Amino acid sequence: MPSSLTSRRALLAGSAGVAALLLAGCSSTDAPTPTSTAPSASTGTSADAGTSPSSGGASQVDVTLTSASGADACELSATSVPAGPVTFTVTNVDSAAISEFEIISDDRIVGEKENLAPGLQPVSFTVTLGGGDYQAYCPGAAEDTLDLTVTGEAAPTPTGGVQAVLTEGTTGYGTYVAGQIEAMVEAVTNLQAAVDSGDLESAKKAYATARPFYEKVESDVEGFVLPGADPTDNSGNLDYLIDMRASNLDEAVGWSGFHAVERDLFKSGKITDGTKTYAADLTANVTKLAELAGGLTYKPEDLANGAAGLLEEVQANKIKGEEEKFSHLDLVDFAANVEGAEQAFAYLKPGLKEIDPDLTQTVAQRFDDVKTALKDYEDTSALGGYAAWTDALRKTDAARLSQVIQALQTPLASIAEKVATAK
Amino acid sequence: MTRPSEGGPAPEAGLPADPADRAASASPSAGRAASASPSAGRVASASPSAGRVASASPSAGRVASASPSAGRVASASEHIETPRLSRRALLGGALGGLALGGGAGALLGRATAPETAPSSSSTDPDAVPDSTAYEFYDQVHQGGIRTPPQRHAIFASFDVTATTASDLQVLLARWSASIAQLQQGRALGAVEPTRSTGVPTDTGEAQDLGPHGLTVTVGLGPGIFDERFGLAARRPAELAELPRLPSDQLRPGLTGGDLSLQACAEDPQVAYHAIRDLARVARGKAAIRWTVMGFGRASAGPHQSTPRNLMGFKDGTRNITTDEDYDAFVWHDGADQEWMVGGTYQVVRKIQMHIENWDTDYIADQHAVFGRTKLEGAPLTGAKEHDAPDFGATGPDGEPVIPPTSHVALAAHENNGGLKILRRSYNFTDGMAEDGQLDAGLLFIAYMNDPAAFVTLQTRLGRVDQLNEYIAHVGSAVFAVPPAPRRGSYIGAALFSPVE
């Protein structure tokens, strides 16, 4: 069952942003981390085995939502679990009032399920919990907050076997991301040079060339703010400074980054001093981003969640034609998002095949379906190599492309849980 | 307050009328919630309105149908005592003015309080207390069909954008749970989340208003059974897009849809809140295709006085009221699709009225167009509203007294092989049309166990109805309406079980 936590995640990122690094799942945090489709969290390094029911390495907690005489109730099968992966299986028996279940630590959501309704199949999610006090939150229940105690120090660190293969994959993916970031610095430097030259056509080409790098790794590099910057102020938000769009223009900060350059090149068709400033700032900010994002390490579920995040980007911005409003290069970004997602999947594949070969095959097939659909729009004569995503084309074709992406999103969303609980 | 039984066929009036006997006072088939639901306590603690919600129902004196099925059977002879509240207050100022255009007395067909003062609770026989709440689960049929028509309605047709059966299941399940909440006057989750970063899950505008007799009826369009969701084998034989009918002037933006929601309530804001929040629940899975806001019910329900449409004529004089007629003409027997047992079909037509022209028509012609008198609503062959029309009677000139091309003559069951449909219409206005005329008319909603019944009637009407000079059918859609879900399940759940 799909979950749609994008907005929640964005909110969390916004409010929790004290540190420069807000990215979900990066190993440099030591608190439970909210992530997207298959929430998972990890703390520390080791723990004793517990005695509560466990399956496949995860403790099992059944969550039952009921309505007796109109009083809606949320019940947990265990109120204490050992540290480590915990799988919550939520069954809504007959509570119309409760549609959401969350696991909370220090006011932060470390895992949740939405769209719970009577009559649907039970849904489950797995989070890796370290020792401490947690709450299960069931908005709509008469008693909506239940205590959950996690005993032991921290989650066990799996060693050997599939986990080792997966870990090897994350290292490879880290190298891929680093390579993309490095290439992005070079590409925006080239864009700046083309803009400075005043040659509109070569600047447009350089723009189309530079765009894909950010889109391939966006879920890994979004969420950074400049060191010491106020996270509520977009003037220090690197994602805003690099990738703001007309649709999220913050008047107080103004136009910036890729799309400010895009607007000048493709809408006004003129390179001004302002354009040159935009391009120079873009190079500076991408360079800063490369410094901040350098040396990121990943857990296997980060790759799965990151891939899901990239597909959300496709659905939210590219298919709508919102991302490249002036250049209509949305399909170039679309292809880059898909490539980034497929890379993440490819690095998980050797380990995932051991865990769930059917799922691995399904996801691989759906990636092929997406790429096949995209082929229809390839055009070597077009800027960026894809047909312009005009309003007219969008009207006739958006639903088709959206459908192949959705078909991929559903199975992809189940990967995170699989890899997080792998031994 | 109940209406006396009619011995036989009675006169009829109204727009796309079905010829239905207005027989004995019928039942509260939809299963009135007898009292404040136990859940009201929660609402109570959370909002100031709680007191009203909790206390009103019991005193309302509604007769509860003990169980849905029992209610239906037993209800034929059951009379409901309805508390009296201000009709004008319920209508609200702006809409009230329009609806009461013919004068309050004329509108109600009986004496009412002076227009200058809101009437007391003893003057409106059809008033419903704002605490009236209908049960959603464990009814035989969905609400909003046999439920006595509320004063206001919002109809919305949706396109499903989800592409998987599981997404459609989640949508129908979430809608079902949400409707169950809304019909009890409860919010859909938090209006004011405790966490500062929380986004309200309920939009809040119905807070403190009470349930106001809200019902939300869910329909499944023909598109649900196309290739998208693997449900082709579940398509009932009768369900298909309506054929083009004579005089149709349909506009693409006002036709069709994969899903429908009909929200009816005594308060327009309660009805709108329901549609708005259900559309919100559907986001990403379904999007509104077209919508109509209806006011001033234009079809009588059981034991209600006959209301008037915007042409000033009574509408629904001979609507379906008896268990026998409901079983014969409205409820589906599930013959080819078991999941439709207790379901029905919903036909929706947005009918524009050429009001300015109508307003210049002389009264004798208005009478001839409908085949009825205006104030009393009597057939031209009778004296009282519920007198049976005599289609064979001729005048001194040898011509039929009720013209064969009058609306009543064409729609009457006597002239259609006994065919009847349940009408549950509302008036609408969309302000001014581009041509400088009032944009208003009838949101015609009818229920029947085979859409072919509507096709038959409208084919006759569309060809020769004198009324066609003054109306145009501009919107159209048809939906299958599944039965109500059991507690713990959802509307349409049976569709997704394996085919045996």
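Residues numbered from 1 in each chain as written. Chains lettered and ligands numbered in written order. Predicted model: local features only at pLDDT ≥ 70, side-chain atom pairs only at ≥ 80, totals over all residues. Heavy atoms only, no water.

Structural notes on the confidence of the model for chain A
Residues and elements named next belong to chain A.
Okay, step 1: Here chain A averages 82 in pLDDT, while 84% of its residues score no lower than 70.
Okay, step 2: Looking at the elements of chain A, mean pLDDT is at its lowest for helix H1 (residues 6-15), recorded as 34, and at its highest for helix H6 (residues 257-268), recorded as 96.
Okay, step 3: This model gives residues 1-51 a pLDDT under 50, and the stretch forms 131 contacts once residues within four places in sequence are excluded. (pLDDT = per-residue confidence, 0-100. Helix = DSSP H or I, 4+ residues; strand = E, 2+ residues; numbered from the N terminus. Contact = heavy atoms within 4.5 Å.)

Let's talk about empty space enclosed by the protein
All names here are of chain B.
Okay, step 1: Scanning the entire structure with this criterion turns up 11 cavities of 30 Å³ or more.
Okay, step 2: Considering only enclosed or pocket space, the largest cavity measures out at about 100 Å³ in volume.
Okay, step 3: Lining the largest cavity, in full, are Leu-182, Gly-185, Arg-186, Ala-187, Asp-202, Ala-206, Gln-207, Gly-210, Pro-211, Leu-214, Val-270 and His-273.
Okay, step 4: Residues of the lining of the largest cavity, tallied by class, amount to 6 nonpolar, 4 polar and 2 charged. (1 Å grid on protein atoms, 1.4 Å probe; cavity = no way out; pocket = protein on both sides within 12 Å on 5 of 7 lines; lining within 4 Å. Points joined across faces, edges and corners; volume = space filled by probe spheres on them. Nonpolar A, V, L, I, M, F, W, Y, C, P; charged D, E, K, R; others polar.)

Things to note about H6 of chain A
Residues and elements named next belong to chain A.
Okay, step 1: The terminal C-alpha atoms of H6, which comprises 12 residues, lie 16 Å apart, in line with the 16 Å expected from a rise of 1.5 Å per residue.
Okay, step 2: Counting buried residues in H6 gives 10 out of 12 residues, a clear majority hidden from the surface.
Okay, step 3: All buried positions along H6 are accounted for by Gly-257, Phe-258, His-259, Ala-260, Val-261, Glu-262, Arg-263, Asp-264, Leu-265 and Phe-266.
Okay, step 4: Elements in contact with the buried residues of H6: helix H2 (161-197), helix H3 (200-216), helix H5 (238-243) and helix H7 (273-293).
Okay, step 5: With its phi angle positive at about 65 degrees, Gly-269 sits one or two positions after the end of H6. (Expected span 1.5 Å × (residues − 1). Buried < 20%, exposed > 50% of the residue type's maximum accessible area, 1.4 Å probe, protein only.)

Quick word on the environment of Gly-144 of chain B
All names here are of chain B.
Okay, step 1: Here Gly-144 shows up in the loop between helix H6 (104-108) and strand S1 (152-160).
Okay, step 2: Spatially, the C-alpha atoms of Gly-144 and Gln-262 are 7.5 Å apart, while their sequence positions differ by 118 residues.
Okay, step 3: Excluding its chain neighbours within four sequence positions, the residues that come into contact with Gly-144 are Thr-215, Thr-217, Gln-262, Arg-424 and Tyr-447.

Focus on the packing of helix H7 (residues 165-183) of chain B against helix H8 (residues 268-282) of chain B
Residues and elements named next belong to chain B.
Okay, step 1: Contact pair H7 / H8: the axes reach a minimum separation of 10 Å and the direction vectors enclose 150 degrees. It follows from the interaxial angle that H7 and H8 lie roughly antiparallel. Considering the relative orientation of H7 and H8, their crossing is right-handed. Contact with H7, carried on its side by Leu-171, Arg-174, Trp-175, Ser-178, Ile-179 and Leu-182, involves His-273, Ala-274, Leu-278, Val-281 and Ala-282 of H8 and no other residues of that element.
Okay, step 2: Classifying every residue of the contact of H7 with H8 gives 8 nonpolar, 2 polar and 1 charged. (Axes fitted to C-alpha atoms, helices over the stretch in contact; angles between N-to-C directions. Parallel < 35°, antiparallel > 145°, perpendicular 65-115°, else oblique. Left-handed = near helix turned anticlockwise from the far one by under 90°.)

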